[in-house]
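The primary structure of each chain is shown beneath.
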Amino acid sequence: MRLGLPSKAIRLLLNIAAALTLLLVTPPGGAQGLVSSDLSRLRSVASAELSPDGHRIAYSVTMRDRPGRPYGQLWIMDLANQKSIRVGSEKDSGGGPLWSPDGKWLVFEGHQGEKGGLFVARPDGSELTYLASREGTNSPLPGTGKDFTWSPDGKQLAFVSATPGTEAAEASGDPMVITRYLYKPDAGEGLTRFNDNQRLHIFVVDISTKQVRQLTRGNTDEHSIDWSPDGKEILLVSNREPNQDEFFNYDIFALKVADNSIRRLTATESNEYDPLWSPDGKRIVFRGTRRGLTDRETTMEDSHVWVMNADGSDRQEIGAVLDNRQGAPRWTPDGRAVYFTIQERGSIRLVRLPVLGGQPEYVVKDTGGVGAWSVAREGSLAYSFATPQDAAELYLQAGSAAPQKLTDLNAQLFAGKQIAEVESFTFISNDNKFEVQAFLTKPLGMTATSKHPLIVNIHGGPHGQNGPVFNFKNQVYAAHRWATLQVNYRGSTGYGQKFADAVFGDQDGNEGQDVLYAVSAAVRRYLWIDRERLGIEGVSYGGQLTDWLITQTNEFKAAVPIAGIANLVSYNYMTYYNQYEEMEFGQFLHQGNLMDVAWERSALKHVAAAHTPTMLIHGENDNDVPIAEAEQFFIALKDVGTEAVFVRYPREGHGLSEVKHNIDSTDRSIAWYEKHFPKPGMEGVTNVQP
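Analysis parameters
The residue count restarts for each chain, going from 1 along the sequence in the order it is written. Thresholds applied to this predicted model are a pLDDT of at least 70 for local features of residues and 80 or more for the giving and counting of side-chain atom pairs; totals over whole chains, interfaces and linings are not thresholded and use all residues. Computation of side-chain values: all heavy atoms of the structure, hydrogens and water removed. The term salt bridge refers to a pairing of a side-chain nitrogen on Lys or Arg with a carboxyl oxygen on Asp or Glu at a separation within 4 Å. Secondary structure elements are defined from DSSP: runs of H or I of at least 4 residues count as helices, runs of E of at least 2 residues count as strands, and each element is numbered from the N terminus. Exposure is judged per residue with a 1.4 Å probe applied to protein chains only, and the accessible area is read against the type maximum: over 50% gives exposed, under 20% gives buried, and values in between give partly exposed. The nonpolar core is taken to be a set of buried Ala, Val, Leu, Ile, Met, Phe, Trp, Tyr and Cys residues, with the residues joined through side-chain atoms within 4.5 Å. Between two residues, a contact is recorded if the distance between any of their heavy atoms is within 4.5 Å. Patch members must show over 30% relative accessible area and no salt bridge, and they are joined within 9 Å when carrying like charges or within 5 Å when they are nonpolar side chains of Val, Leu, Ile, Met, Phe, Trp or Tyr. Here the open area of atoms and residues is found with the Shrake-Rupley method and a 1.4 Å probe, where only the protein chains shown may cover a residue. Should DSSP find at least two bridges between two strands, the strands are taken to pair. Axis geometry follows a simple rule: fit a line to the C-alpha atoms, using only the stretch in contact for helices, then measure angles between N-to-C directions, giving values from 0 to 180 degrees. If an angle is under 35 degrees, it is roughly parallel; if it is over 145, roughly antiparallel; if it lies from 65 to 115, roughly perpendicular; otherwise it is oblique. Crossing handedness: left-handed means the near helix sits turned counterclockwise from the far one by under a right angle, and right-handed means the same turn made clockwise. Here the nonpolar group is Ala, Val, Leu, Ile, Met, Phe, Trp, Tyr, Cys and Pro; Asp, Glu, Lys and Arg are the charged ones; every other residue, Gly included, is treated as polar.

A. Spatial organisation of the pattern of salt bridges. Evaluated as defined, the whole model comprises 37 salt bridges. The salt bridge partner of Asp147 is Arg134, with a shortest N-O separation of 3.1 Å. A residue pair is termed long-range when its members are at least 10 positions apart, and Asp147 in the loop between strand S8 (129-132) and strand S9 (148-150) and Arg134 in the loop between S8 and S9 qualify at 13 residues. Judged by relative accessible area, which is 27%, Asp147 ranks as partly exposed. In this structure, Glu620 engages Arg648 in a salt bridge whose closest nitrogen and oxygen atoms are separated by 2.6 Å. With Glu620 in the loop between strand S34 (614-619) and helix H11 (628-640) and Arg648 in strand S35 (residues 644-649), this residue pair connects regions lying 28 residues apart in the sequence. Among the residues examined, Glu620 registers a relative accessible area of 19% and is labelled buried. What makes Arg648 partly exposed here is its relative accessible area of 22%.

Following this line, the structure appears as structure tokens:
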């Protein structure tokens with residue numbers, strides 16, 4: 001049975017998209033910016049590992065120039081001359097580099113020639129050697145930390161790899177017999193519809209002999225590993241609950257290398273992530289939460305940095321001094337402080353915090369986003385950083401000197417092109433409870449009298465954030481002389497725990513009003529915004545809010561929900577992380593009247609009020625928000641008589657990964673908005689709501 005548009009209509013849309021792509025080469029008004037096809041040339045730094053002596057940086061570059069999904073290439077920069085060499089050939093891939101303690105070897109994961117797995121190389125890229133294969137799993141295991149770790153003498157490497165679990169054979173037979181509650185794969189996998197039932201375990205490989213031995217076994221997953229400074233134990237994270245599929249609860253354990261015995265270090269109803277030994281082995285730093293109501297895919301509670309003694313005692317939440325979501329920590333070389341990232345008002349910053357008390361120091365506080373980072377023994381810092389004008393590049397900060405930009409990966413791509421400005425503004429929420437922040441990407445080619453469409457682009461989560469960092473699609477819209485509005489509605493991170501909690505029990509409620517109030521504020525403050533040409537889109541929770549808001553208002557001329565939830569009830573029982581609604585509402589759907597509440601807050605219930613032309617975009621194998629959510633809403637819109645198109649992308653999970661799919665979806669979005677925005681001189685005045 002064919003789903004979607006008739007072939008004639010599809011050809012028409014493709015022709016429109018092709019024509020628009022040609023127009024984008026020289027956007028209207030003479031301002032030349034980025035076009036959708038430029039995505040295949042965009043590069044960014046994904047990892048940054050300083051050698052222990054601080055003389056070299058191993059870094060990976062995300063490439064998008066091949067069919068399929070982006071891949072990484074591994075490079076090593078000699079800081080004496082700032083020249084980089086690629087590890088392997090142009091056709092090879094690599095990422096996740098980690099220096100040995102003495103700096104004589106670099107291990108990484110990738111593909112070199114016909115082999116895939118773990119490789120080692122010398123600091124100059126020579127003696128490239130295959131070390132061991134490494135298998136993964138598509139099982140939903142969020143927040144996993146380090147996949148491999150060196151022994152302190154540099155002679156061995158512990159790594160995480162997968163072996164079949166007890167359910168694997170029966171669940172993959174004919175017929176498939178499913179017994180696990182968690183029988184679907186993770187969000188982004190996109191190639192299958194079922195959990196492969198592989199279990200992550202810890203292995204050790206000898207660097208000289210290449211001999212591999214397995215240290216852990218069983219029907220649990222062990223990951224996030226770190227070898228102790230004395231060489232005797234390996235830290236790990238595991239969920240040892242009897243109902244581990246149903247109750248998401250990571251704890252920290254230590255594995256004794258000599259006899260494979262395991263001791264438990266934490267026993268809480270909350271989660272612990274990313275444990276690391278201190279340089280002297282006396283303490284452990286980790287990222288953790290307090291609440292027991294925690295979800296497999298996302299948590300409403302901001303994770304903070306904690307420390308405890310090596311035996312699990314004297315647990316302290318040192319990150320509590322900063323009321324915002326914190327990333328994986330690392331020790332300073334002397335063990336007196338820890339580094340970690342923190343989300344703040346749309347940016348991601350890097351902080352250094354003394355372990356024994358004291359004020360946090362912002363090491364990188366510029367507007368933008370810190371990604372990967374590492375610290376050498378002498379204290380120099382390497383990090384990737386995305387600015388409003390560029391994707392992530394490599395930076396070095398040594399001592400008190402100003403940060404030095406070491407790469408300019410997109411110089412050729414950006415040559416002769418304009419990058420649109422991103423401006424922030426705030427407004428008071430509809431219920432007068434919060435100051436809400438929004439980010440406006442301004443269009444290129446503005447004049448004193450020009451008017452420009454506005455696309456509202458809503459972030460997912462809901463516990464995530466938008467910010468001023470470089471956004472490719474927004475820049476393509478800007479080159480088309482369109483503005484883009486991104487709103488950090490209540491529930492977003494980066495504004496403190498109270499703000500993140502404000503969406504609890506209120507999905508498709510006041511956070512949706514925050515989005516509409518942001519539109520209202522924008523059109524009143526920026527008089528060049530064309531009220532008659534408003535569009536709305538978003539991915540995941542942003543897709544959910546797009547579905548919802550077109551049932552609440554007709555102010556948008558076109559909508560593009562991507563991977564959105566339309567029915568909170570059906571979604572709860574089809575997604576791979578079935579605890580999500582329990583976390584967001586505080587109880588199971590079958591308890592009390594929550595089933596009725598969830599249905600009331602579902603866009604599908606109110607679809608009769610939806611008259612906005614809608615193009616639904618979804619990945620065929622989305623196990624986070626199953627494609628049935630879009631299927632339901634598409635048919636419902638058709639029943640109402642609302643114009644609707646359903647675009648389904650094969651081999652995709654939650655959101656789009658393949659480069660050609662992202663280019664195609666951008667072109668289709670532009671064509672959809674162009675089709676439904678009124679032509680100049682034909683507007684009338686129909687939209688006065690904002």
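Here the narrative resumes.
B. The nonpolar core, seen in detail. Judged by nonpolar contacts, the single largest core of 66 residues is most densely connected at Phe425, Leu485 and Phe633. Among the elements that make up this core, the one with the highest residue count is helix H6 (residues 510-525) (seven residues). When near neighbours in sequence (up to four residues on either side) are disregarded, Leu485 contacts Phe425, Ala438, Phe439, Leu440, Leu454, Ile455, Val456, Asn457, Ala518, Val519 and Ala522. One finds Leu200, Leu255, Ile284 and Trp306 within the second-largest nonpolar core, a separate group that totals 29 residues.

C. Just the environment of Gly586, in detail. With respect to the secondary-structure elements, Gly586 resides in the loop between helix H9 (580-585) and helix H10 (594-600). The class for Gly586 is partly exposed, based on a relative accessible area of 40%. Spatially, the C-alpha atoms of Gly586 and Phe504 are 8.0 Å apart, while their sequence positions differ by 82 residues. Setting aside residues no more than four positions away along its own chain, Gly586 makes contact with Leu293, Phe504 and Glu581.

D. Fine view of a nonpolar patch on the surface. On the surface, a cluster of nonpolar side chains totalling about 330 Å² of accessible area is made up of Met176, Ile178, Tyr183 and Phe194. Relative to the assigned elements, Phe194 resides in the loop between helix H2 (168-171) and strand S11 (198-206). Using a relative accessible area of 33% as the deciding quantity, one classes Phe194 as partly exposed.

E. Region of the structure containing the pairing of S11. Counting buried positions over the nine residues of S11 gives eight, a clear majority of the element. Direction of pairing for S11 relative to strand S12 (residues 212-214): antiparallel, over a ladder of three bridges. Within the sheet, the bridge partner assigned to Val204 lies in S12 and is Arg213. Once S11 ends, the chain turns through five residues before running back antiparallel as S12, passing Lys210 with a positive phi of about 65 degrees.

F. Here's a closer look at the sheet that holds strand S16 (residues 262-264). Pairing is antiparallel across the open sheet formed by four strands, whose spatial order is S13-S14-S15-S16. If you trace the sheet from one side to the other, it starts and ends with strand S13 (222-227) and S16, each paired once. Direction aside, neighbouring strands of the sheet carry axes that sit 30 degrees apart on average.

G. Representation of the packing of helix H4 (residues 472-479) against helix H12 (residues 659-676). One can describe the packing of H4 onto H12 by two numbers: an axis separation of 11 Å at closest approach and a directional angle of 40 degrees. By the criterion of interaxial angle, the relationship of H4 to H12 is oblique. Crossing of H4 over H12 shows right-handed handedness. Counting all contacts with H4, which are made through Lys473, Val476 and Tyr477, the residues of H12 involved are Thr666, Ser669, Ile670 and Tyr673. Here the residues of the contact of H4 with H12 sort into four nonpolar, two polar and one charged.

H. The arrangement of the sheet that holds S8 in detail. Reading across the sheet, the four strands line up as S5-S6-S7-S8 and stay open at both edges, with antiparallel pairing between neighbours. Two strands close off the open sheet at either side, each with one partner strand: strand S5 (93-99) and S8. Averaged over neighbouring strand pairs, the angle between their axes works out to 35 degrees when direction is ignored. Note: strand S7 (residues 115-121) against S8, three bridges, orientation antiparallel. Residue pairing for S8: Leu118 is matched across the bridge by Ala132.

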